[in-house]
Amino acid sequence: MPKLFVIAGHGAGDPGACGNGYTEAERVRVLAKRIKELGGGNVILGDLSRDYYRDNGVSTLNLPGEYEIVELHMDAGVPTARGGHVIIYSGFQADDYDKALADMLADILPGRSQMIVRRDNLANPERAAMRGYGYRLVEFGFITNAEDVKIFNTRMDDIAAGVLAAFGIKAAENKTEENKAGGEDMGCILSVEGTKTQYYFDGKSIHAFTNGKEKSVIKKVCRGIIDSIKLTEDEFKDLKNVLKRS
Ligand SMILES: [Zn+2]
(Lines give C-alpha, C1' and ligand atoms only; values in the text may rest on other atoms or scores of the structure.)
Protein backbone atom coordinates (compact mmCIF):
# COMPACT_ATOMS: atom_id res chain seq x y z
CA MET A 1 0.00 0.00 0.00
CA PRO A 2 1.43 3.38 -0.97
CA LYS A 3 1.33 6.50 1.14
CA LEU A 4 -0.21 9.67 -0.11
CA PHE A 5 1.19 13.16 -0.60
CA VAL A 6 -1.67 15.63 -1.01
CA ILE A 7 -1.21 18.96 -2.78
CA ALA A 8 -4.01 21.51 -2.64
CA GLY A 9 -4.02 23.46 -5.90
CA HIS A 10 -3.52 27.25 -6.16
CA GLY A 11 -3.19 29.26 -2.93
CA ALA A 12 -0.51 31.73 -1.84
CA GLY A 13 -2.69 34.51 -3.17
CA ASP A 14 -4.08 32.66 -6.18
CA PRO A 15 -7.73 31.82 -5.46
CA GLY A 16 -8.06 29.58 -8.52
CA ALA A 17 -11.53 29.32 -10.00
CA CYS A 18 -14.45 31.00 -8.29
CA GLY A 19 -18.14 30.22 -8.24
CA ASN A 20 -21.19 29.78 -6.06
CA GLY A 21 -19.63 31.86 -3.30
CA TYR A 22 -16.45 29.80 -3.06
CA THR A 23 -12.89 29.84 -4.31
CA GLU A 24 -11.16 26.75 -5.55
CA ALA A 25 -8.09 27.33 -3.37
CA GLU A 26 -10.18 27.43 -0.20
CA ARG A 27 -12.39 24.43 -1.05
CA VAL A 28 -9.54 22.12 -2.02
CA ARG A 29 -7.70 23.03 1.19
CA VAL A 30 -10.70 21.97 3.24
CA LEU A 31 -10.78 18.68 1.33
CA ALA A 32 -7.02 18.22 1.70
CA LYS A 33 -7.28 18.62 5.49
CA ARG A 34 -10.11 16.13 5.62
CA ILE A 35 -8.10 13.58 3.64
CA LYS A 36 -5.28 14.05 6.15
CA GLU A 37 -7.65 13.74 9.13
CA LEU A 38 -9.13 10.51 7.82
CA GLY A 39 -5.86 9.14 6.43
CA GLY A 40 -3.70 9.86 9.47
CA GLY A 41 -0.11 8.64 9.26
CA ASN A 42 -0.60 7.36 5.72
CA VAL A 43 -0.97 10.89 4.41
CA ILE A 44 1.45 13.80 4.21
CA LEU A 45 -0.35 17.07 3.75
CA GLY A 46 1.54 19.41 1.44
CA ASP A 47 2.13 22.94 2.73
CA LEU A 48 -1.27 24.60 2.37
CA SER A 49 0.25 28.08 2.35
CA ARG A 50 2.07 27.34 -0.89
CA ASP A 51 1.13 27.30 -4.54
CA TYR A 52 3.05 24.25 -5.75
CA TYR A 53 2.41 25.22 -9.35
CA ARG A 54 3.86 28.71 -9.10
CA ASP A 55 6.76 27.94 -6.77
CA ASN A 56 7.70 24.81 -8.71
CA GLY A 57 7.38 22.79 -5.51
CA VAL A 58 6.88 19.46 -7.25
CA SER A 59 10.36 19.66 -8.77
CA THR A 60 11.98 20.03 -5.37
CA LEU A 61 9.94 17.49 -3.42
CA ASN A 62 11.88 14.82 -1.63
CA LEU A 63 9.44 12.01 -1.02
CA PRO A 64 10.27 8.40 -0.21
CA GLY A 65 9.52 5.99 -3.02
CA GLU A 66 6.31 4.63 -1.54
CA TYR A 67 4.52 7.96 -1.92
CA GLU A 68 1.92 8.71 -4.56
CA ILE A 69 0.91 12.31 -5.25
CA VAL A 70 -2.62 13.64 -5.63
CA GLU A 71 -3.16 17.30 -6.47
CA LEU A 72 -6.63 18.67 -5.73
CA HIS A 73 -8.48 21.11 -7.97
CA MET A 74 -11.96 22.14 -9.03
CA ASP A 75 -12.94 23.01 -12.59
CA ALA A 76 -14.53 26.14 -14.00
CA GLY A 77 -16.80 26.37 -17.00
CA VAL A 78 -20.30 27.22 -18.14
CA PRO A 79 -22.79 26.84 -15.28
CA THR A 80 -24.18 23.59 -16.67
CA ALA A 81 -20.80 21.84 -16.99
CA ARG A 82 -20.51 19.15 -14.34
CA GLY A 83 -18.41 16.31 -13.06
CA GLY A 84 -14.97 15.41 -11.83
CA HIS A 85 -12.12 13.80 -13.70
CA VAL A 86 -8.52 12.69 -13.35
CA ILE A 87 -5.64 14.25 -15.29
CA ILE A 88 -2.39 12.36 -15.88
CA TYR A 89 0.76 13.16 -17.80
CA SER A 90 0.40 12.54 -21.53
CA GLY A 91 3.30 10.11 -21.62
CA PHE A 92 1.72 7.71 -19.15
CA GLN A 93 -1.04 5.14 -19.09
CA ALA A 94 -3.60 5.35 -16.30
CA ASP A 95 -2.63 3.11 -13.39
CA ASP A 96 -4.93 1.35 -10.94
CA TYR A 97 -4.94 4.37 -8.61
CA ASP A 98 -6.06 6.67 -11.42
CA LYS A 99 -8.78 4.22 -12.41
CA ALA A 100 -10.03 3.86 -8.84
CA LEU A 101 -10.17 7.64 -8.47
CA ALA A 102 -12.06 7.91 -11.76
CA ASP A 103 -14.57 5.29 -10.61
CA MET A 104 -15.12 7.15 -7.36
CA LEU A 105 -15.68 10.43 -9.22
CA ALA A 106 -18.04 8.82 -11.73
CA ASP A 107 -20.07 7.69 -8.75
CA ILE A 108 -20.04 10.84 -6.58
CA LEU A 109 -19.41 13.66 -9.08
CA PRO A 110 -20.65 12.36 -12.44
CA GLY A 111 -20.97 14.38 -15.63
CA ARG A 112 -17.76 13.97 -17.60
CA SER A 113 -17.72 11.68 -20.61
CA GLN A 114 -13.99 11.10 -20.24
CA MET A 115 -13.00 10.31 -16.66
CA ILE A 116 -9.24 10.11 -17.24
CA VAL A 117 -7.57 12.68 -19.49
CA ARG A 118 -3.93 12.76 -20.59
CA ARG A 119 -2.47 16.24 -20.82
CA ASP A 120 0.88 17.45 -22.10
CA ASN A 121 0.35 21.16 -21.36
CA LEU A 122 0.18 21.21 -17.56
CA ALA A 123 3.30 21.92 -15.55
CA ASN A 124 2.90 19.75 -12.48
CA PRO A 125 2.02 16.44 -14.18
CA GLU A 126 5.15 16.84 -16.28
CA ARG A 127 7.36 17.92 -13.38
CA ALA A 128 6.22 14.92 -11.35
CA ALA A 129 6.86 12.61 -14.29
CA MET A 130 10.38 14.01 -14.67
CA ARG A 131 11.00 13.26 -11.00
CA GLY A 132 9.61 9.76 -11.30
CA TYR A 133 6.68 10.31 -8.95
CA GLY A 134 3.31 8.68 -9.37
CA TYR A 135 1.10 11.72 -9.77
CA ARG A 136 -2.39 12.72 -10.82
CA LEU A 137 -4.26 15.99 -10.77
CA VAL A 138 -7.89 15.54 -9.83
CA GLU A 139 -10.67 17.98 -10.66
CA PHE A 140 -13.38 17.46 -8.04
CA GLY A 141 -16.25 18.77 -10.13
CA PHE A 142 -17.00 22.30 -11.26
CA ILE A 143 -16.98 25.13 -8.74
CA THR A 144 -19.13 26.99 -11.28
CA ASN A 145 -21.90 24.39 -11.04
CA ALA A 146 -24.23 24.70 -8.07
CA GLU A 147 -24.97 20.97 -7.87
CA ASP A 148 -21.30 19.98 -7.99
CA VAL A 149 -20.48 22.46 -5.22
CA LYS A 150 -23.36 21.13 -3.13
CA ILE A 151 -22.12 17.56 -3.56
CA PHE A 152 -18.53 18.61 -2.84
CA ASN A 153 -19.61 20.29 0.39
CA THR A 154 -22.13 17.77 1.68
CA ARG A 155 -20.28 14.59 0.68
CA MET A 156 -16.79 15.76 1.55
CA ASP A 157 -16.17 12.82 3.86
CA ASP A 158 -17.23 10.35 1.16
CA ILE A 159 -14.93 12.07 -1.31
CA ALA A 160 -12.03 12.15 1.14
CA ALA A 161 -12.54 8.49 2.06
CA GLY A 162 -12.86 7.68 -1.66
CA VAL A 163 -9.52 9.28 -2.42
CA LEU A 164 -7.91 7.25 0.37
CA ALA A 165 -9.63 4.05 -0.73
CA ALA A 166 -8.29 4.49 -4.27
CA PHE A 167 -4.83 3.98 -2.76
CA GLY A 168 -5.92 1.20 -0.46
CA ILE A 169 -5.85 3.43 2.60
CA LYS A 170 -8.68 2.89 5.02
CA ALA A 171 -10.28 6.04 6.34
CA ALA A 172 -10.30 6.41 10.11
CA GLU A 173 -13.66 6.16 11.78
CA ASN A 174 -15.47 9.38 11.15
CA LYS A 175 -14.77 11.63 14.12
CA THR A 176 -18.16 13.23 13.78
CA GLU A 177 -19.83 9.89 14.34
CA GLU A 178 -17.65 9.15 17.34
CA ASN A 179 -18.54 12.45 18.88
CA LYS A 180 -22.24 11.86 18.39
CA ALA A 181 -21.83 8.67 20.40
CA GLY A 182 -20.79 10.61 23.47
CA GLY A 183 -17.45 12.28 22.89
CA GLU A 184 -16.64 15.71 24.19
CA ASP A 185 -17.92 17.46 21.12
CA MET A 186 -21.32 15.84 21.29
CA GLY A 187 -23.90 18.53 21.11
CA CYS A 188 -26.81 20.14 19.43
CA ILE A 189 -28.34 23.49 18.86
CA LEU A 190 -31.71 23.93 20.47
CA SER A 191 -34.36 26.49 21.09
CA VAL A 192 -37.49 26.71 23.21
CA GLU A 193 -40.86 26.99 21.55
CA GLY A 194 -42.15 30.55 21.43
CA THR A 195 -38.74 32.11 22.09
CA LYS A 196 -36.01 33.39 19.81
CA THR A 197 -32.90 32.53 21.82
CA GLN A 198 -30.94 29.53 20.60
CA TYR A 199 -28.66 27.44 22.78
CA TYR A 200 -25.67 25.25 22.31
CA PHE A 201 -26.00 22.10 24.41
CA ASP A 202 -22.63 20.37 24.62
CA GLY A 203 -23.93 17.28 26.38
CA LYS A 204 -23.15 18.73 29.82
CA SER A 205 -24.28 22.34 29.92
CA ILE A 206 -26.50 24.71 28.02
CA HIS A 207 -25.01 27.89 26.61
CA ALA A 208 -27.10 30.67 25.10
CA PHE A 209 -25.90 32.26 21.88
CA THR A 210 -25.84 36.03 21.96
CA ASN A 211 -25.49 36.39 18.19
CA GLY A 212 -25.45 34.44 14.95
CA LYS A 213 -21.66 34.50 14.72
CA GLU A 214 -21.36 32.39 17.85
CA LYS A 215 -23.70 29.82 16.37
CA SER A 216 -21.70 29.78 13.13
CA VAL A 217 -18.42 29.10 14.89
CA ILE A 218 -19.92 26.31 16.99
CA LYS A 219 -21.28 24.71 13.82
CA LYS A 220 -17.86 25.10 12.24
CA VAL A 221 -15.91 23.42 15.04
CA CYS A 222 -18.50 20.74 15.76
CA ARG A 223 -18.89 19.17 12.36
CA GLY A 224 -22.20 17.42 11.85
CA ILE A 225 -23.77 19.06 14.89
CA ILE A 226 -27.52 18.62 15.04
CA ASP A 227 -29.24 21.96 14.48
CA SER A 228 -32.64 23.35 15.40
CA ILE A 229 -34.01 21.00 18.00
CA LYS A 230 -37.17 22.55 19.39
CA LEU A 231 -38.10 21.93 23.02
CA THR A 232 -41.23 22.89 24.87
CA GLU A 233 -40.75 25.07 27.92
CA ASP A 234 -41.37 22.03 30.12
CA GLU A 235 -38.82 19.91 28.28
CA PHE A 236 -36.26 22.70 28.61
CA LYS A 237 -36.92 22.80 32.38
CA ASP A 238 -36.55 19.02 32.61
CA LEU A 239 -33.26 19.16 30.73
CA LYS A 240 -31.96 21.84 33.09
CA ASN A 241 -33.05 19.78 36.10
CA VAL A 242 -31.25 16.70 34.86
CA LEU A 243 -28.09 18.71 34.34
CA LYS A 244 -28.28 20.21 37.83
CA ARG A 245 -28.10 16.75 39.34
CA SER A 246 -24.69 15.90 37.96
ZN1 LIG B 1 -7.30 24.55 -10.49
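As the structure is a prediction and not an experimental result, all values here were calculated from the model.

1. Points about the sheet that holds strand β11 (residues 206-208)
Here is step 1 of the chain: Within the open sheet, the four strands sit side by side as β11-β10-β9-β12. Their pairing is mixed. Taken across any chain shown, the strands that pair with only one partner, and hence form the sheet edges, are β11 and β12 (226-231). Pairs of neighbouring strands in the sheet enclose a mean axial angle of 35°, with direction left out of account.
Here is step 2 of the chain: Here three bridges tie strand β10 (residues 198-201) to β11, and the two strands are oriented antiparallel to one another. Bridge pairing links tyrosine 200 to histidine 207 in β11.
Here is step 3 of the chain: Strands β9 (188-192), β11 and β12 of the sheet are contacted by helix α8 (residues 233-245), whose axis makes an angle of about 110° with β12.

2. A closer look at the domain arrangement of the protein
Here is step 1 of the chain: Each assigned domain of the protein is listed here: domain 1 (3-166) and domain 2 (181-245).
Here is step 2 of the chain: Put simply, the middle of domain 1 and the middle of domain 2, counted by C-alpha atoms, are 37 Å apart.

3. Notes on the packing of helix α1 (residues 24-39) against helix α5 (residues 156-166)
Axis angle and axis distance: for two packed helices, these are the angle between their axes and the distance between the axes, and together they describe the pair.
Here is step 1 of the chain: Put simply, α1 and α5 touch, their axes get as near as 9 Å, and they point 60° apart. The interaxial crossing formed by α1 with α5 has right-handed handedness. Contacts between α1 and α5 involve Leu31, Arg34, Ile35, Leu38 and Gly39 from the first element and Met156, Asp157, Ile159, Ala160, Ala161, Val163 and Leu164 from the second.
Here is step 2 of the chain: Partitioning the contact of α1 with α5 into residue classes produces nine nonpolar, one polar and two charged.

4. Some remarks on the sheet that holds strand β8 (residues 134-142)
Here is step 1 of the chain: Pairing in this open sheet of six strands is mixed, and the strands run β4-β1-β5-β8-β6-β7 from one edge to the other. Both edges of this open sheet fall to β4 (43-45) and β7 (116-119), since each of them pairs with a single strand only. Each adjacent strand pair in this sheet contributes to an overall mean axis angle of 25°, direction not counted.
Here is step 2 of the chain: Pairing of strand β6 (residues 85-89) with β8 involves three bridges; the strand directions are antiparallel. The residue of β8 that forms the bridge with isoleucine 87 is leucine 137.
Here is step 3 of the chain: Set on the sheet, α1 makes contact with β1 (3-8), β4, β5 (67-75) and β8; between it and β5 the angle comes to about 145°.

5. Quick notes on the environment of isoleucine 87
Here is step 1 of the chain: Positionally, isoleucine 87 belongs in strand β6.
Here is step 2 of the chain: Note on isoleucine 87: 20 C-beta atoms within 10 Å, which makes it buried.
Here is step 3 of the chain: Sequence-wise, isoleucine 87 and alanine 102 are 15 residues apart; in three dimensions their C-alpha atoms are separated by 9.7 Å.
Here is step 4 of the chain: For isoleucine 87, the residues in contact, after removing those within four places along its chain, are Val117, Arg119, Leu122, Pro125, Arg136, Leu137 and Glu139.

Rules and cut-offs
Residues numbered from 1 in each chain as written. Predicted model: local features only at pLDDT ≥ 70, side-chain atom pairs only at ≥ 80, totals over all residues. Pairing = 2+ DSSP bridges. Helix = DSSP H or I, 4+ residues; strand = E, 2+ residues; numbered from the N terminus. Axes fitted to C-alpha atoms, helices over the stretch in contact; angles between N-to-C directions. Contact = placed C-beta atoms within 7 Å. Domains from an automatic or database assignment. Left-handed = near helix turned anticlockwise from the far one by under 90°. Nonpolar A, V, L, I, M, F, W, Y, C, P; charged D, E, K, R; others polar. Buried ≥ 20, exposed ≤ 12 C-beta atoms within 10 Å, placed from the backbone.

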